Amino acid sequence: MFDISLRNAGLAYGDNQIFRNLNLTLEGGRWTCLLGGSGVGKTTLLRMIAGLTSGRSIRTQGEVVCGDGLPLQGRIAWMSQEDSLLPWADVMDNVTVGHRLRSRSWFRKKKLDTEVKEQALTVLEQVGIVDKACELPQNLSGGQRQRVALARTLMEDRPVVLMDEPFAAVDAITRLDLQDLSCQLLTDRTVLLITHDPLEALRLGHHVYHLRGKPAELTDAIIPPGQTPRSLDNEKLMMLQGKLLDRLRHSEHDEGSRVHKGDIQ
Amino acid sequence: MKDSLKPLLVFVGLLLFWQGVVAIFDVPSYIVPDPMSVFDRMVRDAPLLWEYTLVTLAEMVMGLVLGVVFGVLMALVLVYFTGLRPWLLPLLLITQAIPVFALAPVLMLWFGYGMASKVIMTVLIIFFPVATCCYDGLRHTHQGWLDLAHTMGAKPWAMLRMIRWPGALPALASGLRVAVVVAPIGAVVGEWVGSSAGLGYLMLQANARLWVDLMFAALTVLAFCSVGLYYLTDYLLRRLIPWQSKTAH
Ligand SMILES: Nc1ncnc2c1ncn2[C@@H]1O[C@H](COP(=O)(O)OP(=O)(O)O)[C@@H](O)[C@H]1O
Ligand SMILES: [Mg+2]
């Protein structure tokens, strides 16, 4: 599995420099977690890697390169904070939306290819909501919706997965379940997970970075010990969580005094 | 109370109010007739009213259909041919800045006294709310869906058909609701300026002969048509776009 390197990356919205000269390597087949307070630029960084930062007032520097020399485009799956399910499409259609978006046919085919449909049923089975295949998203709970989003991500079957606080909107217990599930289903993929929850980062990440300051900078990687998903009774983990929480609080307070309030979303 | 009963209650209330005003202020019947005599007239002239209602309804519905088609096409052009936008927007505004009332006589001249000129009047009125609402809806597709589609490598046509178009439907629906309400204006004004059939024509004739009860009868029927058309559209839109009321986007 190839590494992904971000070299001398910089991005500004107009005069608002979010980060500059940022270097980060995502190790192939591993999970990298990125922590940071609100408004520090986590989403922006993720969008830059995904190639979603184009706009008149957005200036970018630096480059994203893959270890195998091929472009990253077309090899990522994207999972954002809101589940982005299409409200008019049932679960099955939401999970297979990628296939239909890439199809060249002018009109909606009445039936999905059996191959695609079987694959979709398999991933729905894996995330445990195969019985909801015909439901509309509005009839699902927050946790179930995230499971559909996860199924959609799996369906894309890409080597790289970029996730932006995917479990931020669900309750603590559901969040732990979803973490375990994602960890199990996305092993061997290169994952960049953004979160503001230190515990999440420490449970799932092979490397944990903290983005802070303005312009934002990355701290050195923390490499938590043991296999992922790490269990909660791991003492070392709890200690690290305490440290990280302290650090997050301090950096937020520092920013609070330096940065204009309106800058923080 | 059931929501479907409320419009009916409003109708009954209006009738009572009308009757009350006529009774209390002793308004002479050549100024405002009382509801009963209007109803009488309606029954007596039912065949005529029916015939003219069909004419006006046909004008309204045809105008609506064409106006929606043109409005949606305009919105698509505005969204996808960005180069044309600066040229088309002023044109769109000009069609609204000129009052249709001023245009009506010219339209009669060009398209004759038949239905065509009324349909065109209606199209002119409806076109704008439909085009702007649809354009707005297409422009403000939920960013999350666009990001997702981009990373999935969506084809532009598939993107329109599967994401942007359905995403714009709730906005288009509000344009349609406005369009349905203003559609009668186009048809009736057209009939006033020159026609030989329709509820507007009937009103004009009745007015000229001081048949105030017939004039009110035609007005009542027109009101019923408009309200009926609105509720029908609203019902259809709710059925066809069931997600609009439940999602925040
Ligand atoms: N499209 C945009 N245009 C202008 N400024 C933006 C845009 N997106 C984000 N920002 C600003 O960039 C900063 C970082 O935002 P973001 O990356 O979303 O932070 P995070 O994900 O860490 O909460 C914020 O101050 C935000 O206001
Ligand atoms: Mg964010």
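Right above here is the structure, for reference.
Report on the accompanying structure. Only a predicted model underlies this, so the values are computations on that prediction, with no experimental measurement involved.

**A closer look at the interface of chain B and chain A**
At the junction of the two partners, chain B supplies 25 residues and chain A supplies 25 residues. Together chain B and chain A conceal approximately 2,300 Å² of surface at their shared face, both sides included; 67% is due to carbon and sulfur atoms. Together, Thr-151, Met-152 and Met-162 of chain B form the three largest contributors to the area buried by chain B at its contact with chain A, with a combined 29%. Linking chain B to chain A there are one salt bridge. Its salt-bridge partner being Asp-147 of chain B, residue Arg-47 of chain A comes within 2.6 Å of it at the nearest N-O pair. Summed over the shared surface of chain B and chain A, the number is six residue pairs in polar contact (both at pLDDT 80 or more). For the side of chain B that touches chain A, the elements supplying multiple residues, two or more each, are α7 (143-151) and α8 (156-193) of chain B. Grouping the amino acids of the side of chain B that touches chain A by side-chain chemistry returns 13 nonpolar, eight polar and four charged.

**Some details on the packing of aromatic side chains**
Under the counting rule described, the total for this entry stands at seven aromatic pairs over all chains. When the centroid spacing of 5.1 Å and the interplanar angle of 80 degrees are considered together, the rings of Trp-88 of chain A and Trp-145 of chain B count as edge-to-face. Within this pair, whereas Trp-88 of chain A is found in the loop between β5 (76-79) and α2 (91-95), its partner Trp-145 of chain B is found in helix α7, the two belonging to separate chains. The residues Trp-88 of chain A and Trp-145 of chain B share a single accessibility class, namely buried. With a centroid separation of 5.6 Å and an interplanar angle of 35 degrees, the aromatic rings of Trp-18 of chain B and Phe-216 of chain B are classed as tilted. With Trp-18 of chain B in helix α1 (residues 6-24) and Phe-216 of chain B in helix α10 (residues 212-240), this pair connects stretches of sequence that are 198 residues apart. Taken together, Trp-88 of chain A together with Trp-145 and Trp-243 of chain B form an aromatic cluster joined through their ring pairs. The cationic tip of Arg-41 of chain B hangs over the ring face of Trp-211 of chain B; the distance from NZ or CZ to the ring centre is 5.3 Å. Over the ring of Trp-211 of chain B we find Arg-209 of chain B; its NZ or CZ atom is 5.8 Å from the centre of that ring.

**Examining the sheet that holds strand β6 (residues 160-164) of chain A**
Residues and elements named next belong to chain A. Read from one edge to the other, the open sheet built from six strands follows the order β5-β6-β7-β3-β8-β9, with strand pairing classed as mixed. Two strands close off the open sheet at either side, each with one partner strand: β5 and β9 (217-218). As defined by bridge partners, β5 adjoins β6 across four bridges and the pair is classed as parallel. Counterpart to Trp-78 in the pairing with β6 is Leu-162. Set on the sheet, helix α5 (residues 142-156) makes contact with β5 and β6; between it and β5 the angle comes to about 170 degrees.

Here is what the cut-offs are and how they apply
- Residues numbered from 1 in each chain as written.
- Chains lettered and ligands numbered in written order.
- Predicted model: local features only at pLDDT ≥ 70, side-chain atom pairs only at ≥ 80, totals over all residues.
- Heavy atoms only, no water.
- Contact = heavy atoms within 4.5 Å.
- Buried area = accessible area lost by both parts, 1.4 Å probe.
- Salt bridge = Lys/Arg side-chain N within 4 Å of Asp/Glu carboxyl O.
- Polar contact = N/O pair within 3.5 Å; in protein donor to acceptor, adjacent residues only side chain to side chain.
- Helix = DSSP H or I, 4+ residues; strand = E, 2+ residues; numbered from the N terminus.
- Nonpolar A, V, L, I, M, F, W, Y, C, P; charged D, E, K, R; others polar.
- Phe/Tyr/Trp six-rings, centres within 6.5 Å; stacked < 30°, edge-to-face > 60°.
- Buried < 20%, exposed > 50% of the residue type's maximum accessible area, 1.4 Å probe, protein only.
- Lys NZ or Arg CZ within 6 Å of the ring centre and 35° of its normal.
- Pairing = 2+ DSSP bridges.
- Axes fitted to C-alpha atoms, helices over the stretch in contact; angles between N-to-C directions.

Take it as geometry only, folks, not as evidence of what the structure does.
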